Amino acid sequence: MGQQVRCGQGETQQLGIIGFPLGHTLSPLVHNWGFSKFGLDAVYTAWPTPPEDLESMVERIRSEPIAGLSVTIPHKTAIIPFLDSITGLAHAVGAVNTVFWRDGKLWGDNTDVAGFAKPLAVRDVRSGSALVLGAGGAALAVIVGLQELGIGPLYLANRTDEKAEELAAHFDINFIPWAERGRCRTRILVNTTPIGMAGKFEGLSPWNKYDFEKGQLAYDIVYNPGETRFLREAQSLGVNVIMGVEMFLYQALEQFRIWTGRDLPVDETRRLLEQALYGT
Ligand code: ATR
């Protein structure tokens, strides 16, 4: 039976990330570094898991000393029926990114919400309007995170308008047609699309530079490259920014806390990530 990772359990606890295709992930780096920092007998591995193997993977958790999982695309929603329970946050988002044991039950939680919200909270941003760009999986945790902080009114725009309309109705927020997003003036702007990400979208921005306004806050959840065109242009106009690495950092710290009950040092973990990502 699985349990929380503690010192001296006598049996090496396994943890890992499941997704498909998994590609490069920074999660093993952060969690294995954390385990060695606290002297915990645990190891975190990347487990590429195609959709047809998801159910047997969850069965493995129940029969082996597996203390937890990170869950990524395409399993975040599909895993829910195989778990014993999910937290209110995971329910609100409709997706699980963290699996853990509590009192003999296998739980699902969503630390993307705290990962997104924490960088705003530490800057004391808890009010004002926000426009979310994109209506894919990542937008769900972002919208719940903004609502948890009490930020509003919220607006949603997406390339495929119908998708934004549907999601906006689900969360009872405002729909903005993609073509009119530049006219939506809000205190906070959040990019949840892959535009700007390394690869085919690098060097692109989901926002016209001339539509930024002083006093705004631009938040990109893309973390590679660290400074996307969206953030670079925002900064050049004196707009405050939050980089995507912040969201990755805080969702990982929250996962580590759930699995081990320990808090990793924020600045040291950020430096570890920045070194791995940008070599700085
Ligand atoms: P998901 O999160 O569902 O896996 P994604 O491919 O990461 O999907 O895309 C996330 C969001 O970014 C989607 O809402 C997508 O818009 P569509 O609903 O129109 O597909 C948006 N997106 C992806 N590529 C885009 C682009 N080139 N321009 C504008 N929006 C884009």
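Residues numbered from 1 in each chain as written. Predicted model: local features only at pLDDT ≥ 70, side-chain atom pairs only at ≥ 80, totals over all residues. Heavy atoms only, no water.

(A) Quick look at the environment of Gly-238. Among the secondary structure elements, Gly-238 is positioned in the loop between α7 (229-236) and β12 (240-242). In the structure, Gly-238 is positioned 25 residues away from Glu-213 in sequence and 8.7 Å away in space, judged by C-alpha atoms. (Helix = DSSP H or I, 4+ residues; strand = E, 2+ residues; numbered from the N terminus.)

(B) Spotlight on helix α8 (residues 244-260). Taking 1.5 Å as the rise per residue, α8 with 17 residues should run 24 Å; its terminal C-alpha atoms sit 25 Å apart, in good agreement. Here α8 lies mainly inside the structure; 15 of its 17 residues are buried. Where α8 terminates, the next one or two residues include Gly-261, which has phi positive at roughly 75°. (Expected span 1.5 Å × (residues − 1). Buried < 20%, exposed > 50% of the residue type's maximum accessible area, 1.4 Å probe, protein only.)

(C) Spatial organisation of helix α6 (residues 161-171). Among the residues of α6, Ala-164, Leu-167, Ala-168 and Phe-171 are the ones counted as buried. Looking straight down α6, one finds its buried side chains confined to an arc of 105°; they lie on one side. Along α6, the residues that are exposed and aim more than 90 degrees away from the buried face are Glu-162, Glu-166, Ala-169 and His-170. In this structure, the buried residues of α6 make contact with α3 (88-93), α5 (137-149), β8 (154-157) and β9 (174-175). Looking one or two places after α6, you find Asp-172, whose phi comes out positive at around 55°. (Arc of directions from axis to C-beta. Contact = heavy atoms within 4.5 Å.)

(D) Structural detail: the nonpolar core. Phe-116, Leu-120, Leu-146, Ile-151 and Leu-156 are the most contacted members of the largest nonpolar core, which totals 34 residues. Among the elements of the structure, α4 (111-122), β7 (130-133), α5, β8, α6, β10 (188-191) and β11 (217-220) are those that each provide at least two residues to this core. Per-element accounting of this core gives the leading share, 8 residues, to α5. In terms of domain composition, this core takes at least three residues from each of domain 1 (13-110 + 247-278) and domain 2 (114-243). Those residues within four positions of Phe-116 in sequence are excluded, and the remaining contacts are Val-142, Gly-145, Leu-146, Val-190, Tyr-219, Ile-221 and Met-247. Leu-22, Leu-40, Tyr-250 and Ile-258 belong to the second-largest nonpolar core, a separate cluster that totals 25 residues. (Core = buried A, V, L, I, M, F, W, Y, C linked by side-chain atoms within 4.5 Å. Domains from an automatic or database assignment.)

(E) Broad picture of the packing of helix α1 (residues 27-37) against helix α9 (residues 266-278). Relative to each other, α1 and α9 sit at 140°, their axes nearing to 11 Å. Between α1 and α9, the crossing angle belongs to the class labelled oblique. By crossing handedness, the relation of α1 to α9 is classed as right-handed. Each of Leu-29, Val-30, Trp-33 and Lys-37 in α1 lies in contact with α9, whose residues at this interface are Glu-268, Thr-269, Leu-272, Leu-273 and Ala-276. Among the residues making up the contact of α1 with α9, the classes are represented as 6 nonpolar, 1 polar and 2 charged. (Axes fitted to C-alpha atoms, helices over the stretch in contact; angles between N-to-C directions. Parallel < 35°, antiparallel > 145°, perpendicular 65-115°, else oblique. Left-handed = near helix turned anticlockwise from the far one by under 90°. Nonpolar A, V, L, I, M, F, W, Y, C, P; charged D, E, K, R; others polar.)

(F) Main features of the site of the ligand. The full set of residues close to the ligand is Ala-135, Gly-136, Gly-137, Asn-158, Arg-159, Thr-160, Lys-163, Trp-178, Thr-193, Pro-194, Ile-195 and Phe-201. In the environment of the ligand, an oxygen atom lies 2.9 Å from a nitrogen or oxygen atom belonging to the backbone of Gly-137. The separation between an oxygen atom of the ligand and a polar side-chain atom of Lys-163 is 2.9 Å. Contact with the protein chains removes 69% of the 620 Å² of surface that the ligand exposes when unbound. Of the residues assigned to the shell around the ligand, the class counts are 5 nonpolar, 5 polar and 2 charged. (Near = heavy atom within 4 Å. Polar contact = N/O pair within 3.5 Å; in protein donor to acceptor, adjacent residues only side chain to side chain. Areas by Shrake-Rupley, 256 points an atom, 1.4 Å probe, with all protein chains shown as cover.)

(G) Spatial organisation of the domain arrangement of the chain. Examined at the domain level, the chain breaks down into domain 1 (13-110 + 247-278) and domain 2 (114-243). Taking only C-alpha atoms into account, the centre of domain 1 sits 25 Å from that of domain 2. Facing the 12 residues of domain 1 at the interface are 18 residues of domain 2. For the pair domain 1 and domain 2, the summed buried area comes to about 1200 Å², and 73% of that belongs to carbon and sulfur atoms. On the domain 1 side of the interface with domain 2, the three residues burying the most area are Val-93, Met-247 and Tyr-250, jointly 48% of the side's total. Summed over the shared surface of domain 1 and domain 2, the result is 0 salt bridges. For the interface between domain 1 and domain 2, the tally reads 1 residue pair in polar contact (both at pLDDT 80 or more). (Buried area = accessible area lost by both parts, 1.4 Å probe. Salt bridge = Lys/Arg side-chain N within 4 Å of Asp/Glu carboxyl O.)

(H) Up close: the sheet that holds β7. Read across the sheet, 6 strands follow the order β9-β8-β7-β10-β11-β12 without closing on themselves; strand pairing throughout is parallel. In the strand order of this sheet, the two ends are held by β9 and β12, each with one partner. Packed on one face of the sheet, α4 meets β10, β11 and β12 and runs near 155° to β11. Each of β7, β8 and β10 is contacted by α5, which is oriented at about 170° to β7, the strand it contacts most. (Pairing = 2+ DSSP bridges.)

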